[in-house]
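Residue-level structural notes
Chain by chain, the residues:
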Amino acid sequence: MFIGLIDYSKEDYNNLWKDAIFVIDTNILTNFYKFTSKESTKTLFKLLMKFKEEDRLWIPHQVALEYLYNYENNINKPLEGYKELEKEINTIKGDFTKMFSNINKKHPYIEIDDFREISKQFEDIVSKIAEKKEEKIEALPDKNQIKNNIFDLLEGIVGNSYKQEIIEDIQKEGKQRFANKIPPGFEDDKESNKQLYRTYGDLTYQLKFGDLILWRQIIDYSRNIKKPIIFVTEDKKEDWWEKDKRNNLKRPHPHLLQEFFNKTEQRFYMYRTDNFVRYAQEYNNELSLEEVHQFTEQVENIRKFEGFNALSDSNRSRVVIDTKLKDLSLIDIKRYLDDDTIMLLNEEFNSVFDMKDFDEDFSNQLYIETIKKALLLASPIMESRFEELLVDIRDHDPEYYLNMVVKNYKYPKDSIHRAIFLKDAILDLEASKMTVDLELNF
């Protein structure tokens, strides 16, 4: 009656790993193209092929369909990263060349040959980076081989599609489920890109119901073969998982466990990829601990990238700003504060550090909030200093002021963004003013 709310026993898990059919999600297949280690792809392929050979691997039609629609968007992910690295390096190299050319034109009377010699060291570094990049690209898993391996993996184990009338019933049911936050899939209801429809062959469905279609296919398959299911997915949304207070995954959503048992009289469980591989090693002893460790590192790298890119623009901006704030200290700001304010802020910072041993995450957040407070208190003085420097540079070198300062400095509207901007801009302007003063004196 309460199978979704009571943790499975050790015996339950043993029976699951002994008897269950393994079902993998679309994101497991597309992630093959994101691995930068051939060993990691081999580890996962070896494990999945073993389960296939034992007739314990099954792919829902929905998973195969979504994979074939999405794999080409992922096939060059690691290569794109190395190309971006090459582009950035070439930009820096071009900036070096342009810098010496501009200095030569504006100040032909100064000797810069010694500096050119130093810049050759940079060119050597660029060459070494280029060599290392080619070495890394050469070491990447072969994308065509991965594609062929996945097709071999899918061959003969993909389930049948639903007829359109069943799809219509699922979508009708889905509207009621989503309205009541019944998993899976209700998180997709608010995603703008999930409001579109996909048509293939005789099927048409709205993308936001894809997870629910997948869920129904898994239930129907389990009911037909009378076997429990272990589902492997990289999805971490709350329409699949129950989370704790810190937003960590706790266990599969209780409703999914209960609904699955009610409709199949079988047990259901879920793992993300690294835990799936880890427990496979524990229960089947098929992999070495070193293989599991390397694979886990690769999965974590992919998750970091996916997590950052999954953020909305506003959330991504917040993450970037929080990272900048975390790197700041009171020393960076104290020149704009009076002694009494510095003393009070020091007390706050000390209490933040005292919290670190008890709750590091909370301590970090308190630190960020204290830095924000310091920046806001310093903002009026920073604004005055900024304006003073602009006027000073404009009076000394109007051309530089117009060409560099006015073009490069845009005043952010948000108070915290503006405070960070002011702190960085003042340092830049002070350095520029020093350069202008030196040239005038010279």
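Residues numbered from 1 in each chain as written. Predicted model: local features only at pLDDT ≥ 70, side-chain atom pairs only at ≥ 80, totals over all residues. Heavy atoms only, no water.

1. Considerations on the sheet that holds strand β2 (residues 57–58)
Quick note on the threshold: Strands are labelled as partners when DSSP assigns at least two bridges between them. Helix and strand definitions follow DSSP, with helices as H or I runs of at least four residues and strands as E runs of at least two, each counted in order from the N terminus. Every residue pair with non-hydrogen atoms within 4.5 Å of one another is taken to be in contact. To obtain an axis, a line is fitted to C-alpha atoms, over the contacting stretch when the element is a helix, and the angle between two such axes runs from 0 to 180 degrees between their N-to-C directions.
The 4 strands lie next to each other as β2-β1-β5-β8, forming an open sheet whose pairing is parallel. At either margin of the open sheet sits one strand with a lone partner, and together these are β2 and β8 (268–271). Two strands pair when backbone bridges link them, and strand β1 (residues 21–24) and strand β5 (residues 229–232) are joined in this way by 4 bridges, in the parallel orientation. Looking at β5, one finds that isoleucine 21 is bridged to isoleucine 229. The strands touched by helix α1 (residues 10–19) within the sheet are β1, β5 and β8, with β8 carrying the most contacts at an inclination of about 85°. Contacts between helix α9 (residues 210–225) and the sheet are confined to β1, β2, β5 and β8, with β5 contributing the most and set at about 155° to the helix.

2. Observations concerning the pairing of strand β4 (residues 203–206)
Relative to β4, strand β3 (residues 197–200) runs antiparallel, the two sharing 4 bridges. Looking at the pairing, tyrosine 197 lines up with glutamine 206 of β4. The antiparallel hairpin formed by β3 and β4 contains 2 residues in its connecting segment, where glycine 201 sits at a positive phi of about 60°.

3. Description of the environment of serine 37
Put simply, the rule is: A 1.4 Å probe rolled over the protein chains alone gives each residue an accessible area, and that area as a share of the maximum for its type sets the label: buried under 20%, exposed over 50%, partly exposed in between. N or O atoms within 3.5 Å of each other form a polar contact, as long as, within protein, one can give a hydrogen and the other can take it, and as long as residues adjacent in sequence are counted only when both atoms are side-chain atoms.
Locating serine 37 in the fold gives a position in the loop between α2 (26–30) and α3 (38–53). The exposure class of serine 37 is buried, given its relative accessible area of 14%. Residues serine 37 and glutamine 294, 257 residues apart in the sequence, show an inter-C-alpha distance of 8.7 Å. A polar contact of 3.1 Å, which involves the side chain of serine 37, links it to the side chain of glutamate 39.

4. With respect to the pattern of salt bridges
What counts, and what does not: One speaks of a salt bridge when a side-chain nitrogen belonging to Lys or Arg is within 4 Å of a carboxyl oxygen belonging to Asp or Glu.
Applying the stated rule across the entire model yields 28 salt bridges. Across the salt bridge formed by glutamate 430 and arginine 335, the nearest N and O atoms sit 2.7 Å from each other. In this pair, glutamate 430 is assigned in helix α17 (residues 415–441) and arginine 335 in the loop between α13 (313–327) and α14 (339–355), connecting sequence segments 95 residues apart. A residue is classified by how much of its surface remains accessible, and glutamate 430, at 19% relative accessible area, is buried. Overall, arginine 335 belongs to the partly exposed group, its relative accessible area being 47%. For glutamate 388, the salt bridge goes to arginine 385, with nearest N and O atoms at 2.6 Å. A residue pair is termed a helical-turn pair when its members lie 3 or 4 positions apart in one helix, as glutamate 388 and arginine 385 do in helix α15 (residues 360–396) at 3 residues. With relative accessibility at 47%, the residue glutamate 388 sits in the partly exposed group.

5. Some words on α9
For the record, the criterion: One fewer than the residue count of a helix, multiplied by 1.5 Å, yields its expected span.
An ideal rise of 1.5 Å per residue puts 22 Å on 16 residues; α9 measures up with 23 Å between its terminal C-alpha atoms. When we look at burial in α9, the residues that qualify are Gly210, Asp211, Leu212, Ile213, Leu214, Trp215, Gln217, Ile218, Ile219, Asp220 and Ser222.

6. Notes on helix α4 (residues 61–74)
So the rule is basically this: Fitting axes to the seven residues ending at a residue and to the seven starting there, one defines the bend at that residue as the angle between these axes.
Helix length check: α4 (14 residues) gives 20 Å between terminal C-alpha atoms against 20 Å at 1.5 Å per residue, within 8%. Of all the bends found along α4, the most pronounced is centred on leucine 68 and spans about 40°. For α4, the set of buried residues is His61, Gln62, Val63, Ala64, Leu65, Glu66, Tyr67, Tyr71 and Asn74.

7. Quick word on the nonpolar core
Operational definition: Nonpolar cores were defined as sets of buried Ala, Val, Leu, Ile, Met, Phe, Trp, Tyr and Cys residues, with membership established by side-chain atoms within 4.5 Å.
The biggest cluster of nonpolar side chains holds 67 residues, and the ones touching the most others in it are Ile24, Leu29, Phe32, Leu44, Ile150 and Phe276. It is α9 that provides the largest number of residues to this core, a total of 6 residues. Those residues in contact with leucine 29 that sit more than four places away from it in its chain are Ile24, Val63, Tyr67, Ile150, Leu153 and Leu154. With 29 residues, the next largest nonpolar core counts Leu328, Tyr336, Leu337 and Leu345 among its residues.

8. A closer look at the confidence of the model for the protein
Note the threshold: Confidence of the prediction at every residue is given by pLDDT, a number between 0 and 100.
Averaged over the protein, the pLDDT score is 82; the fraction of residues at 70 or greater is 77%. Predicted confidence is poor over residues 438–442, with pLDDT under 50, and the contacts of this stretch with residues over four places away or in other chains come to 3 contacts.

9. What to know about the packing of α9 against helix α10 (residues 254–264)
Definition in use: Under this scheme an angle from 65 to 115 degrees is roughly perpendicular, one under 35 degrees roughly parallel, and one over 145 degrees roughly antiparallel; angles in between are oblique. Each helix crossing is assigned a hand: it is left-handed if the near helix lies turned anticlockwise from the far helix by less than a right angle, otherwise right-handed if that turn is clockwise. Ten residue types, Ala, Val, Leu, Ile, Met, Phe, Trp, Tyr, Cys and Pro, are classed as nonpolar, four, Asp, Glu, Lys and Arg, as charged, and the remainder, Gly among them, as polar.
Interaxial distance between α9 and α10 falls to 9 Å at its minimum, and their mutual angle equals 40°. On the basis of the axis angle, α9 is oblique to α10. Classified by chirality, the crossing of α10 by α9 is right-handed. Residues Trp215, Ile218, Ile219, Ser222 and Arg223 of α9 pack against Leu256, Glu259, Phe260, Lys263 and Thr264 of α10. Grouping the amino acids of the contact of α9 with α10 by side-chain chemistry returns 5 nonpolar, 2 polar and 3 charged.

10. Points about the packing of α1 against helix α11 (residues 273–284)
It is at 11 Å that the axes of α1 and α11 come closest, and there the two elements cross at 90°. One way to sum up the angle between α1 and α11 is to call them roughly perpendicular. The residues of α11 that touch α1, namely those facing Lys10, Tyr13, Asn14 and Trp17, are Phe276, Tyr279, Ala280, Glu282, Tyr283 and Asn284. Considered class by class, the residues forming the contact of α1 with α11 number 6 nonpolar, 2 polar and 2 charged.

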